[in-house]
Amino acid sequence: MKLTTKGRYAVTAMLDLSLHYGEGPITLADIAQRQGISLSYLEQLFSRLRKKSLVASVRGPGGGYSLGRNANEIFVGEVISAVDENIDTTRCNGAHNCQNNERCLTHDLWSDLSNQIYGYLNKISLQDLMDRQAVREVAQRQGQPEQETTPGMDVSMTDMSSGPAGA
């Protein structure tokens, strides 16, 4: 199984949207900037997510996107499926024609693995991800505006701990 950028970006964008819930509609430009994802790619993904009612859009000034349901009701597996990502580890994509148009020796093994992965991803909600300490730390870092440095000024304690400037 190879999860492509489509599925990864969809989950990342949905998690970003979840983390900024309560700030009003979130623009795709904001998500694109925070997550380093192309705006045009996000537009394509959100079109699919909207069709599956995973997000709701608000048009006009101050518009953007919000979650279509509560974060604890949206599961990673459905986000991936909504953008037409296939969670399948079989060589034949489940068509049972892996070897000379017949089922291969290990087809059922890979099919079972696909089912396990899908089941696992359908048990993890966006809320579950938001509750993780590491996710909160990254979100906090991404939410901070980039600090401009002034020559001769230390920006943070981490900069100072590496020694004097130019050392």
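Refer to the structure above for everything that follows.
Residues numbered from 1 in each chain as written. Predicted model: local features only at pLDDT ≥ 70, side-chain atom pairs only at ≥ 80, totals over all residues. Heavy atoms only, no water.

(A) Examining the pattern of salt bridges more closely. Taken as a whole, this structure holds three salt bridges when the rule is applied. For D108, the salt bridge identified is with R103, shortest N-O distance 2.5 Å. Residue classification places R103 among the partly exposed residues on the basis of a relative accessible area of 42%. (Salt bridge = Lys/Arg side-chain N within 4 Å of Asp/Glu carboxyl O. Buried < 20%, exposed > 50% of the residue type's maximum accessible area, 1.4 Å probe, protein only.)

(B) How the structure looks around the packing of helix 1 (residues 5-19) against helix 2 (residues 28-35). Between helix 1 and helix 2, the least distance of the axes is 10 Å, while the angle of their chain directions is 110°. Between helix 1 and helix 2, the angle falls in the class roughly perpendicular. The two elements helix 1 and helix 2 meet at a crossing, and its hand is right-handed. Residues T12, A13, D16 and L17 of helix 1 touch helix 2, and the partners they reach there are I31, R34 and Q35. (Axes fitted to C-alpha atoms, helices over the stretch in contact; angles between N-to-C directions. Helix = DSSP H or I, 4+ residues; strand = E, 2+ residues; numbered from the N terminus. Parallel < 35°, antiparallel > 145°, perpendicular 65-115°, else oblique. Left-handed = near helix turned anticlockwise from the far one by under 90°. Contact = heavy atoms within 4.5 Å.)

(C) Quick look at the nonpolar core. One finds M14, L17, I31, L42, F46, L49 and V79 to be the most contacted residues of the largest nonpolar core, which totals 34 residues. Those elements that provide at least two residues to this core are helix 1, helix 2, helix 3 (39-51), strand 2 (64-67), helix 4 (76-82) and helix 6 (126-130). No other element matches helix 1, which puts six residues into this core. (Core = buried A, V, L, I, M, F, W, Y, C linked by side-chain atoms within 4.5 Å.)

(D) Quick look at unusual backbone geometry. Unusually for a residue other than glycine, S53 sits at a positive phi of about 60°. Among the structural elements, S53 can be located in the loop between helix 3 and strand 1 (55-58). Residue S53 is classed as partly exposed on the basis of its relative accessible area of 45%. In the Ramachandran plot, N101 falls in the positive-phi region, its phi being about 65° despite a non-glycine side chain. When its relative accessible area of 61% is taken as the criterion, N101 is described as exposed.

(E) Spatial organisation of the packing of aromatic side chains. For the structure on display, the rule yields two aromatic pairs. Judged by centre distance (5.7 Å) and plane angle (90°), the rings of Y9 and Y41 are edge-to-face. Of the two residues, Y9 sits in helix 1 while Y41 sits in helix 3, which places them 32 residues apart along the sequence. (Phe/Tyr/Trp six-rings, centres within 6.5 Å; stacked < 30°, edge-to-face > 60°.)

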